[in-house]
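Results of the structural survey
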Amino acid sequence: MTDPALPLAVRGLRKKYRRGVVLSDVSFDVHPGEAVALVGPNGAGKSTLIGCVTADRLPDRGEVRICGADPFREMAAAAACLGYVPEQPFLYPELSVAELLRFVAAARGLDGAESSAETARLLALLGLAGAEGTLCRELSQGMGRKTAIAAALLHQPRMIVLDEALNGLDRTSAERLVAELDARRARGAAVLISSHDLDFLARWCTRALHLPAPGSWRALEGGAWEAWRRAPTLVGVSDPRKS
Amino acid sequence: MAAAKNPCCNTDFTRDGFGRTEDVRCEALQPVSAPQQPSYTLRRSAWRRPLFGDARRAPYLGRPFRRITGPASTRPRTEPVHLLLRLELRRLADAFRHPRPAAWLAVVLPVALAAGALWTAADSVRPDVSTGDGVVLLGLLVAVPVGIQAYPILFRPADDAFLRRLGISTDALFGVRALRLLAFAVALSLGLMLPYVATGENAGRPLAVALAAGVATWAASLVAQGRAAADTVSGRKPSLMSQALGQGYDYELIAAGPLVYAPIWPAVAGAAAAGFAGSGVWPMPLRLALILAGSAALVPLGARAFARALPRFAPHAGELAYAPPPDASGGELVLGRGIASVLPRRAQAVRARDAVVIGRRYRWASRLAWPVAVVGALAVLRAGGSPGVRAWVTLACGAMLAAQAAAIVALGRSERGRTRWTDRTAGIRPAARFAGRWAAAFGLVLIVAMPMAAGWWIRGDGGAGWAWIAAAGVTALAAAGSSLAAAGR
């Protein structure tokens, strides 16, 4: 459970809202190099699960370890290992893209020269070249998301969590981001990704965690994963593209 | 392409991640990604004045940053308080770096209104610090807002989750937020000196009393809010006071009980500090020094309580705002009720929506107003002839009107880039939007103004009654204008 080599370990996670149990004893690991998909219909608990992993939601029970660190107790250690792009990322509206990324680099204690080079590389990768001086409040939704992605990847995290992070990205940027994630996975990083693009998840991920409804979940691994990949659908939700 | 297979890649090597059949294979994706070296020069203007450290050195520390060498490194961070303070300054300077009339209006108008009210009503709203009651009243005027604002400042900043995810230490977060609260306390104390300045009275003694109350409340709030937050997520059995708050059935309110009671003790401490500062025992500098020393002694306790509470409370805090789902029939949204029936149809729609949103999102603006207004009206009826009572009622109800105006402005701030767009696509013109918002705001502030007006009318002073109605109209007008200005484009 405390193996620091494991980018993410979740045990017995339970979360209940007033309306009922959303997560019930969820347990899974994410190993280095893996890309684990989080699939399920709206309201099934995907974002709640991600929130519990990233310490944005307080679980009622269970444990989370990011690189062996408890994100609720060892915030700094967990943060050093985690790169998270929320569905609705926060950006300081008063700062420009360059200022925001410089702040992130400084807050994470990154080497100035190296982080500048990495910032420039990520901005070019994501098609944000020329937007460094743009205030974050003036960014489009897609550009804002790209900025958040750059901020999340700047410190070479071992555990990358993406909550609908590909939404709103143009095709070229999305392809480049996927390539970048592949390169990082090759170097040992792991990815937990939530998306409604099931075809993409089926092709790109190595296995999945399926949340068909609030309070229920199942791991799609081995044969179940291969079967799901061939016809990726959400249980109980018809995919209009398949009909 | 005969490149070695990427062991992590799970694609079928004939399609890219988006299902296309281009020759964008997993191994070949590396060159597709952006160049490893920056292929362009960053705009110099964006980097000319490094905000958060030089590219090679961190000038505010005088030593270079070190790169994280291990993924889960727990090495000590480099003075993040300095970094956060620089960020704070940069954000505050935004209004000057990128001036926008709407932003200025949203800030300056309410401040100007409040300052104007304090200046013009100086004679009646100025506590007399030569008496013990006046000293304690001034202390409470500082202590209550500081005690209430402590929670949002300490635990609910918009960037809280972002900063925690960056690994900023709790000490640094506490330091910056404690400074914010202190700045608020000092600004409030200075603002309350306006009536003394306006009447030409020496503001030295009132300022000392107000600052003493502010600093004492500030320090007590740091401890009280930190402990309340820790208690909220401790899992311990709720206290009897918390259970009384939820009357045994509202478990979420019972769970949040410590936070509800948290501002009380700091307010009492502030009033007591004001009383001590304004008393005759020992010289004033000694009294102030004692209050400062006592407050300073509380700060480490507050830091400890904050550090203990934040990791578990911060994720929980967002859920405390949870409210039960409203009636699914939409029965609360009534068009054309009361004064709104004379408005154009679209303005009626805006009024109805704004009234419902304000009623749910800023429920306190109406819930707090009723008791203030009823007590004020009763005071007017019983002792409206006394200048002291009149001053107190004017101050309390005026403050309530200002708080309600703040709720209207906050509604506008929450709409940035969202609801206004919805209104535009629905064909609602700015005039209708303004009329609707004004009507909603007027309906809200009437909760205070009507009982006050009724009180004065019953006493036979019709002029004062109409003055309250006029004050409500003007407040609604200013609040609606500021709100729409705050909503932005």
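Values in this document were obtained by computation on a predicted structure and should not be read as measured data. (Residues numbered from 1 in each chain as written. Chains lettered and ligands numbered in written order. Predicted model: local features only at pLDDT ≥ 70, side-chain atom pairs only at ≥ 80, totals over all residues. Heavy atoms only, no water.)

Attention shifts here to the overall build of chain B. The secondary structure content of chain B amounts to 23 helices and 0 strands. Burial analysis of chain B (489 residues in total) assigns 43% to the buried set. In chain B, of all internal contacts separated by at least 6 residues, the share reaching a separation of at least 24 is 72%. (Helix = DSSP H or I, 4+ residues; strand = E, 2+ residues; numbered from the N terminus. Buried < 20%, exposed > 50% of the residue type's maximum accessible area, 1.4 Å probe, protein only. Contact = heavy atoms within 4.5 Å.)

Another aspect to go through is the state of the cysteines. Residue and element names in this part refer to chain A. Counted by the stated rule, this structure contains 1 disulfide over all chains. In this model, Cys67 is linked to Cys81 through a disulfide, with the two sulfur atoms separated by 1.7 Å. Taken together, the residues Cys67 in the loop between β4 (61–66) and α2 (75–81) and Cys81 in helix α2 connect sequence positions 14 residues apart. Side by side, Cys67 and Cys81 carry an identical accessibility label, which is buried. (Disulfide = S-S within 2.5 Å.)

Quick look at the environment of Leu139 of chain A now. All names here are of chain A. Tracing the chain through its elements places Leu139 in the loop between α4 (112–125) and α5 (141–153). Considering only alpha carbons, one finds Leu139 and Glu118, 21 residues apart in sequence, at a separation of 21 Å. Ignoring anything within four residues of it in the chain, the contact list for Leu139 reads Leu91, Val97, Thr134, Gly144 and Thr147.

This paragraph deals with the sheet that holds strand β2 (residues 20–30) of chain A. Residue and element names in this part refer to chain A. The strand order across the open sheet built from 3 strands is β2-β1-β4, with neighbouring strands paired in antiparallel fashion. Looking at the sheet topology across the chains shown, the edges are occupied by β2 and β4. Recorded for the sheet is a direction-independent mean angle of 20 degrees between the axes of neighbouring strands. Sheet topology places strand β1 (residues 8–17) next to β4; 5 bridges connect them, and they run antiparallel. Across the sheet, Arg14 pairs through a bridge with Arg61, a residue of β4. Where helix α1 (residues 46–53) meets the sheet, its contacts fall on β1, β2 and β4, and the angle it forms with β1 comes to roughly 120 degrees. (Pairing = 2+ DSSP bridges. Axes fitted to C-alpha atoms, helices over the stretch in contact; angles between N-to-C directions.)

As enumerated under the stated definition, the model contains 6 cavities of 30 Å³ or more in all. Considered as a void within the structure, the largest cavity measures approximately 180 Å³ in volume. Sorting the residues of the lining of the largest cavity by element identifies β5 (82–85) and α5 of chain A together with α8 (160–165) of chain B as the ones contributing at least two each. In this structure, the second largest cavity encloses a volume near 110 Å³. Thr54, Ala55, Ile66, Pro71, Met75, Ala78, Ala79 and Leu82 of chain A together with Arg164 and Arg165 of chain B together form the lining of the second largest cavity. For the lining of the second largest cavity, the secondary structure elements donating two or more residues are α2 of chain A together with α8 of chain B. The leading source of residues in the lining of the second largest cavity is α2 of chain A, at 3 residues. (1 Å grid on protein atoms, 1.4 Å probe; cavity = no way out; pocket = protein on both sides within 12 Å on 5 of 7 lines; lining within 4 Å. Points joined across faces, edges and corners; volume = space filled by probe spheres on them.)

Bringing helix α19 (residues 369–383) of chain B into the picture now. Residues and elements named next belong to chain B. In this model α19 runs 21 Å from its N-terminal to its C-terminal C-alpha over 15 residues, within 8% of the 21 Å that 1.5 Å per residue would give. Taken together, the buried positions of α19 are occupied by Ala369, Ala373, Gly376, Ala377, Ala379 and Val380. Viewed along the axis of α19, the buried residues span an arc of 160 degrees, placing them on a single side of the element. In this structure, the buried side of α19 is in contact with α18 (364–367), α20 (387–414) and α22 (430–459). (Expected span 1.5 Å × (residues − 1). Arc of directions from axis to C-beta.)

The subject of this paragraph is the sheet that holds strand β9 (residues 216–220) of chain A. All names here are of chain A. The 6 strands are arranged β5-β6-β7-β3-β8-β9 in an open sheet whose pairing can be described as mixed. Looking at the sheet topology across the chains shown, the edges are occupied by β5 and β9. Taken over all neighbouring pairs, the strand axes of this sheet differ in orientation by 15 degrees on average, direction set aside. Note: β5 against strand β6 (residues 159–163), 4 bridges, orientation parallel. Each bridged residue has a counterpart across the sheet, and for Gly83 the counterpart in β6 is Ile160. This element, helix α6 (residues 171–186), spans β3 (35–39), β6 and β7 (190–194) of the sheet and lies at about 150 degrees to β6. Strands β3, β8 (207–213) and β9 of the sheet are contacted by helix α8 (residues 222–230), whose axis makes an angle of about 95 degrees with β9.

Residues and elements named next belong to chain A. With respect to the helices, strands and loops of the structure, Glu164 is situated in the loop between β6 and α6. There is no salt bridge for the buried Glu164, and the closest opposite charge comes from Lys46, which lies 5.2 Å off by N-O distance. Side-chain polar atoms of Glu164 contact the side chain of His196, separated by 3.2 Å. When near neighbours in sequence (up to four residues on either side) are disregarded, Glu164 contacts Lys46, Glu87, Arg145, Ser194, Ser195 and His196. (Lys, Arg positive; Asp, Glu negative; His and termini not counted. Salt bridge = Lys/Arg side-chain N within 4 Å of Asp/Glu carboxyl O. Polar contact = N/O pair within 3.5 Å; in protein donor to acceptor, adjacent residues only side chain to side chain.)

What follows is about the nonpolar core. Residues Phe103, Ile193 and Trp204 of chain A together with Leu84, Phe155 and Leu163 of chain B are the most contacted members of the largest nonpolar core, which totals 108 residues. If you tally residues by element for this core, the top one is helix α11 (residues 204–232) of chain B, at 10 residues. (Core = buried A, V, L, I, M, F, W, Y, C linked by side-chain atoms within 4.5 Å.)

Take the packing of aromatic side chains next. By the definition in use, this model includes 14 aromatic pairs over all chains. Pairing Phe90 of chain A with Phe162 of chain B gives two aromatic rings, centres 5.6 Å apart and planes at 50 degrees, and the pair type is tilted. Placement of Phe90 of chain A in the loop between β5 and α3 (97–107) and of Phe162 of chain B in helix α8 is noted, with the two residues assigned to different chains. For Phe162 of chain B, a relative accessible area of 10% translates into the label buried. (Phe/Tyr/Trp six-rings, centres within 6.5 Å; stacked < 30°, edge-to-face > 60°.)

Before going further, it helps to spend a moment on the environment of Ser96 of chain A. All names here are of chain A. Take Ser96: it is sitting in the loop between β5 and α3. We classify Ser96 as buried; its relative accessible area is 5%. Measuring from C-alpha to C-alpha, the distance between Ser96 and Cys136 comes to 5.4 Å, with 40 residues separating the pair along the chain. Discounting chain neighbours no more than four positions away, the residues touching Ser96 are Glu132, Gly133, Thr134, Leu135 and Cys136. A distance of 3.5 Å separates the side chain of Ser96 from the backbone oxygen of Glu132, its partner in a polar contact.

The next subject is the packing of helix α15 (residues 264–277) of chain B against helix α16 (residues 284–320) of chain B. A pair of packed helices can be characterised by two numbers: the angle between their axes and the separation between those axes. Residues and elements named next belong to chain B. Put simply, α15 and α16 touch, their axes get as near as 9 Å, and they point 160 degrees apart. One element, α15, and the other, α16, form an angle in the roughly antiparallel class. The way α15 lies across α16 gives a crossing that is right-handed. Seen from α15, the contacting residues are Ala273, Phe276 and Ala277; seen from α16, they are Met284, Arg287, Leu288, Leu290 and Ile291. (Parallel < 35°, antiparallel > 145°, perpendicular 65-115°, else oblique. Left-handed = near helix turned anticlockwise from the far one by under 90°.)

All names here are of chain B. A surface patch of nonpolar side chains, about 480 Å² in accessible area, is lined by Phe96, Trp104, Val107, Val108 and Val111. Among the secondary structure elements, Val108 is positioned in helix α5 (residues 101–120). Val108 sits in the partly exposed class, given a relative accessible area of 40%. (Patch = residues over 30% accessible without salt bridge, like charges linked within 9 Å, V, L, I, M, F, W, Y side chains within 5 Å. Areas by Shrake-Rupley, 256 points an atom, 1.4 Å probe, with all protein chains shown as cover.)

On the secondary structure map, Asp94 of chain B appears in helix α4 (residues 94–97). One polar contact links Asp94 of chain B to Arg137 of chain A, side chain to side chain, over a distance of 2.9 Å. The contacts of Asp94 of chain B, once residues within four sequence positions are left out, are Glu94 and Arg137 of chain A together with Pro99 and Arg100 of chain B.

Structural measurements only, silent on function.
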